[in-house]
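Each chain, written out:
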Amino acid sequence: MEATGRLTHPLCYDAGRDRYVEVTWNEAFAKIGKVLQSLPRDSAVFYSSGHAGLEASFLYALLARVYGNNNLPQSSNMCHETTSVGLQKVVGSPVGTIVWDDLEKADAFFFFGQNPGSNSPRFLHPLQEAKKRGARIVTFNPVVEQGLVSFVNPQSPVDMLTGRETQISDEYLQVQAGGDIAAILGLCKVVIEADDDALARGLKRIIDVDFISEHTMGFETFIACVRQTSWSDIEQESGLTEAAIRRAGEIYIGAERVIGVYGMGLTQHSQGSVNVAMVVNLLLLRGNIGREGAGCCPVRGHSNVQGQRTVGIAEKTKLIPMDKLKQLFDFDPPTEDGVTIVDAVKGLMAGKIRGFVSLGGNLVRAVPDQKAMEQAWAAQELTVVVSTKLNRTHLFPGKNAYILPCLSRAEIDEQATGNQTVTTEDSFSHISGSIGKRTPASKHLKSELAIVVGIAKATLDSNPRRKWDEWLGDYGLVRDLIEATYPKEFKDYNARMFKPGGFYRGNAAHERIWKTEQGKAIFTAPKRLNALSFGNTDGRFRLVTMRSNDQFNTTIYGYSDRFRGIEGTRDVLLMCEEDMAVSDLKARQIVTLVSDFEDGIRRELPGLVVTAHNLPRGTIGAYYPEANVLNAIDHYDELSKTPASKAIPVRIEA
């Protein structure tokens, strides 16, 4: 291993010496295959974090299914499964409905629970251009994120020399954690009231009645719900004033083309799917889905978190063309759905899951109930983690534990036919190819695809239809297999992968083709005005878990959260001064956060420094993944089982 922490050789945990030792690749593959073969097929899980290219992801899914299960949870289960399930239910698309060019044509952007400054900085450039052409931007977020307040373009010499800022948000509404349903319903109420007034005065309608009539269902039930909901209830549940919501609503009404952008601030709630449906409700009112410059834009994180599902890494059998797999690879695919991440973690804790292969990621650190997860993970018969650098998951080895170091995508991936191309899918459903150019950190490193092939050959019976060595030698052959499996989405795959900006695999909702059960886009009348699984009680706060600007997922690169003014530590509890005063807390006081799920389990995070911050009353903040110890594995979105990390019930102990 290099001093930088970069792995260069496969490692095997030696329990007798309580340390990892270097082994050869053949030794690692052989032992992994032997243990997998000894396990009941439903007790092994094949997880993917979203870093691997489409080629390795496709073969990884094939490995799991030939092995005998659909236990293929992936990182979407942790963040945007709410989109995959919730958006699919109401517009028939499991992914966003816009393409990149739509960003250049929108008149307004409405942001909900998304922070481009830290999580998607590429987004800031089209936002800056949008402001220059007069577009309006409205943000709903409990936390004031600098990237949505103002932006100094680092690629502009003038901006860098003068410090000139572009003001991003026209309105910034600090909704309380879990209050987005009420806030968005308030926006819809403004639109409907304006439409009532226009109708009474004989003016042009505000809502798009033709679109609603032709393309939607459920409008009458939804509009009745909006009319019956009082402004006082909306204010109480959202934490916003009627006046503030009306200002935002007027911007929505005044824009011809609107894009609704959201992130995990919307998806990671126990009613996260309703949050997503509410964004769709707002857009449907004025026909803002399925035309230029308008649509729904969930922003995902990892470079291929969306693409891995496109090519088969999914636990739901209905998402997979099993008949094509049977025809191409000569096996009977398993018919039962596999486990989600929540089910996998619960299975680990119950001792039902006994082997785990993780294609990237730091899963032990990323999931709720971390302390219980650490014990359950180490009790397994087999743990395999494909990684580029060491992480906390490696500290909890199973009885047979392997760390398999892989190439990064920037490194040369030399195989039998030369340096290989790896493809990924972005949040806009575009597929792009890339070729590594850097010299690998070690000649011993293998690509993710090579590691998948090594495990497959050591685990599965040989079959002339499964040409693992040929596929390893030429990734283009794997792309041919993907095209054969998904012919519509990947037509002329190898010929189009270097098209500038990537080639578009298509999105039915973008064309106003609604692949829902009803064949139309669906208005949803919410049954409640907050996205919480718990009520308000004295002393209970809603904890939002957050990331810093010098962090990617669970990887922390430094201790300088310059956007929030926090230096040298992550052990902080952020709360507003009013809550500090009511709770009799002082700045710099050391406190312990304790979960308040009322399930008899004590979960705590001690040693936090109380720090005044601009947050709504009742909403407090702490860093992810450290605060994951406070979340319960049973606290998740009801429809998708995405962990609800954006409003955790907690109490503060001085």
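Refer to the structure printed above.
Novice: How should I be thinking about the overall build of the protein chain in this particular structure?
Specialist: If you tally the helices and strands in the protein chain, you get 23 helices and 30 strands. Taken over the C-alpha trace, the protein chain has a radius of gyration of 25 Å; the compact-globule value for 654 residues is 26 Å, and the two agree within 12%. For the protein chain, the C-alpha atoms occupy an extent of roughly 75 × 60 × 55 Å along the three principal directions. For the protein chain, buried positions account for 63% of its 654 residues. For the protein chain, restricting intrachain contacts to residue pairs at least 6 apart in sequence, the fraction spanning at least 24 positions comes to 76%. Split by element, the accessible area of the protein chain, about 25700 Å² in all, is 49% carbon and sulfur. Charge-centre separation for the protein chain: the mean point of 73 positive side chains lies 2 Å from the mean point of 78 negative side chains.

Novice: Explain the nonpolar core to me, please; I cannot follow it from the model alone.
Specialist: Grouped burial of nonpolar side chains is what soluble globular proteins tend to show. Within the largest apolar cluster, 62 residues are counted, with the highest numbers of intra-cluster contacts made by Phe110, Phe112 and Phe140. Excluding its chain neighbours within four sequence positions, the residues that come into contact with Phe110 are Val138, Phe140, Leu187, Ala248, Ile251, Tyr252, Val258, Ile259, Gly260 and Val261.

Novice: Looking at this structure, how should I read the side chain of Ser358?
Specialist: Assignment of secondary structure puts Ser358 in strand 12 (residues 355-359). Given the relative accessible area of 2%, Ser358 is considered buried. Looking at Ser358, its side chain comes within polar contact range of the main-chain oxygen of Gly360, at 2.7 Å. Look past the residues within four positions of Ser358 in its chain and what remains in contact with it is Tyr47, Tyr60, Val384, Val385 and Val386.

Novice: So what exactly am I meant to see when it comes to the state of the cysteines here?
Specialist: Cysteine pairs can be covalently joined through their sulfur atoms, and such a bond is termed a disulfide. The full count for this structure, using the stated rule, is zero disulfides. Left without a disulfide partner, Cys188 is nearest to the cysteine sulfur of Cys225, which lies 9.7 Å away. By relative accessible area, which is 0% here, Cys188 ends up buried.

Novice: When you look at the packing of aromatic side chains in this model, what are you seeing that I'm missing?
Specialist: According to the stated counting rule, one finds 18 aromatic pairs in the structure shown. Aromatic pair Phe112 and Phe140: ring centres 5.1 Å apart, planes at 15 degrees, arrangement stacked. Linking Phe112 in strand 4 (residues 108-112) with Phe140 in strand 5 (residues 136-140), this pair joins segments that are 28 residues apart in sequence. An aromatic cluster is built from Phe58, Phe329, Trp468 and Trp471, whose rings are joined through pairwise contacts. One Lys or Arg, Arg562, reaches over the ring of Phe563 and ends 4.8 Å from the middle of that ring. One residue, Arg570, lies across the ring of Tyr623, its end atom 4.4 Å from the ring centre.

Novice: For this particular structure, what's the right way to read the sheet that holds strand 13 (residues 382-387)?
Specialist: Adjacent strands of a sheet pair through backbone hydrogen bonds, lying either parallel or antiparallel. If you walk across this open sheet you meet the six strands as 2-1-14-13-12-3, and the pairing is mixed. Where the open sheet ends on each side, the last strands, each with one partner, are strand 2 (19-22) and strand 3 (44-48). Between one strand axis and the next, the sheet turns through 20 degrees on average, direction left out of account. Pairing geometry for strand 13 and strand 14 (residues 400-405), over six bridges, is parallel.

Novice: Which parts of the structure should I look at to understand the environment of Trp25?
Specialist: With respect to the helices, strands and loops of the structure, Trp25 is situated in helix 1 (residues 25-38). The class for Trp25 is buried, based on a relative accessible area of 11%. The contacts of Trp25, once residues within four sequence positions are left out, are Pro10, Leu404, Pro405, His444, Lys446 and Ile451. Here the side chain of Trp25 touches His444 through a polar contact of 2.8 Å, landing on its backbone oxygen.

Novice: Before we go on, may I ask you to explain unusual backbone geometry in this structure?
Specialist: In terms of backbone geometry, most residues other than glycine have negative phi values and most peptide bonds are trans. Following Tyr624, the chain continues to Pro625 via a peptide bond in cis, the omega torsion being 10 degrees. Locating Pro625 in the fold gives a position in the loop between strand 29 (619-623) and strand 30 (648-653). The phi angle at Asp369 is positive, at roughly 50 degrees, despite the residue not being glycine. Inspection of the secondary structure assignment puts Asp369 in the loop between helix 17 (363-366) and helix 18 (370-378). Notably, Ser429 is not glycine yet its phi reads approximately 65 degrees, a positive angle. Tracing the backbone shows Ser429 in the loop between strand 17 (421-425) and strand 18 (430-435). Looking at Ser429, the relative accessible area reads 1%, which means it is buried.

Novice: Would you mind going over the pattern of salt bridges with me for this structure?
Specialist: The full count for this structure, using the stated rule, is 36 salt bridges. Residue Lys131 is joined to Asp170 by a salt bridge in which the shortest nitrogen-to-oxygen separation is 2.8 Å. With Lys131 in helix 5 (residues 124-132) and Asp170 in the loop between strand 7 (166-167) and strand 8 (171-173), this pair connects stretches of sequence that are 39 residues apart. With a relative accessible area of 29%, Asp170 lands in the partly exposed category. Among the salt bridges present, the one from Arg540 reaches Glu598, with a minimum N-O distance of 3.2 Å. A residue pair is termed long-range when its members are at least 10 positions apart, and Arg540 in the loop between strand 20 (521-522) and strand 21 (541-546) and Glu598 in the loop between strand 27 (590-595) and strand 28 (604-612) qualify at 58 residues.

Novice: Quick question: what am I supposed to make of the pairing of strand 12 here?
Specialist: Successive residues of a regular strand alternate their side chains across the two faces of the sheet. Burial within strand 12 is extensive, with five of its five residues counted as buried. Taking every second residue as pointing to the same face, both faces of strand 12 are buried, with Gly355, Val357 and Leu359 on one and Phe356 and Ser358 on the other. As paired elements, strand 3 and strand 12 share five bridges and run parallel to each other. Residue Ser48 lies in a different strand from strand 12, and its bridge partner there is Leu359. Inspection of the sheet shows strand 12 paired to strand 13 by five bridges, in the parallel sense. Bridge assignment links Gly355 to a residue of strand 13, and that residue is Leu382.

Novice: Got a minute to help me understand the sheet that holds strand 8 in this structure?
Specialist: Taken in spatial order, the five strands of this open sheet run 8-5-4-10-11, and their pairing is parallel. Pairing within the sheet leaves two strands with one partner each, and these edge strands are strand 8 and strand 11 (295-298). The mean angle between the axes of side-by-side strands here comes to 15 degrees, regardless of whether they run parallel or antiparallel. By the bridge criterion, three bridges tie strand 5 to strand 8 in an arrangement that is parallel. Note that in strand 8 the partner of Val138 across the bridge is Glu171. Its contacts with the sheet place helix 13 (residues 272-285) against strand 4, strand 10 (258-262) and strand 11, and it is angled at close to 170 degrees to strand 10.

Novice: Help me out: how do you make sense of the packing of helix 16 (residues 341-350) against helix 18 in this one?
Specialist: The packing of two helices is summarised by the inter-axis angle and the distance between the axes. Between helix 16 and helix 18, whose axes approach to 8 Å, the crossing angle comes to 65 degrees. In terms of orientation, helix 16 lies roughly perpendicular with respect to helix 18. Our pair here, helix 16 against helix 18, has a crossing hand that is left-handed. Judged by residue contacts, Val345, Leu348 and Met349 of helix 16 engage Ala372, Met373, Ala376 and Trp377 from helix 18. Class assignment of the residues belonging to the contact of helix 16 with helix 18 gives a composition of seven nonpolar, no polar and no charged.

So, how was this worked out
Residues numbered from 1 in each chain as written. Predicted model: local features only at pLDDT ≥ 70, side-chain atom pairs only at ≥ 80, totals over all residues. Heavy atoms only, no water. Helix = DSSP H or I, 4+ residues; strand = E, 2+ residues; numbered from the N terminus. Rg over C-alpha atoms; globule rule 2.2 N^0.38 Å. Buried < 20%, exposed > 50% of the residue type's maximum accessible area, 1.4 Å probe, protein only. Contact = heavy atoms within 4.5 Å. Areas by Shrake-Rupley, 256 points an atom, 1.4 Å probe, with all protein chains shown as cover. Lys, Arg positive; Asp, Glu negative; His and termini not counted. Charge placed at Lys NZ, Arg CZ, Asp CG, Glu CD. Core = buried A, V, L, I, M, F, W, Y, C linked by side-chain atoms within 4.5 Å. Polar contact = N/O pair within 3.5 Å; in protein donor to acceptor, adjacent residues only side chain to side chain. Disulfide = S-S within 2.5 Å. Phe/Tyr/Trp six-rings, centres within 6.5 Å; stacked < 30°, edge-to-face > 60°. Lys NZ or Arg CZ within 6 Å of the ring centre and 35° of its normal. Pairing = 2+ DSSP bridges. Axes fitted to C-alpha atoms, helices over the stretch in contact; angles between N-to-C directions. Salt bridge = Lys/Arg side-chain N within 4 Å of Asp/Glu carboxyl O. Parallel < 35°, antiparallel > 145°, perpendicular 65-115°, else oblique. Left-handed = near helix turned anticlockwise from the far one by under 90°. Nonpolar A, V, L, I, M, F, W, Y, C, P; charged D, E, K, R; others polar.

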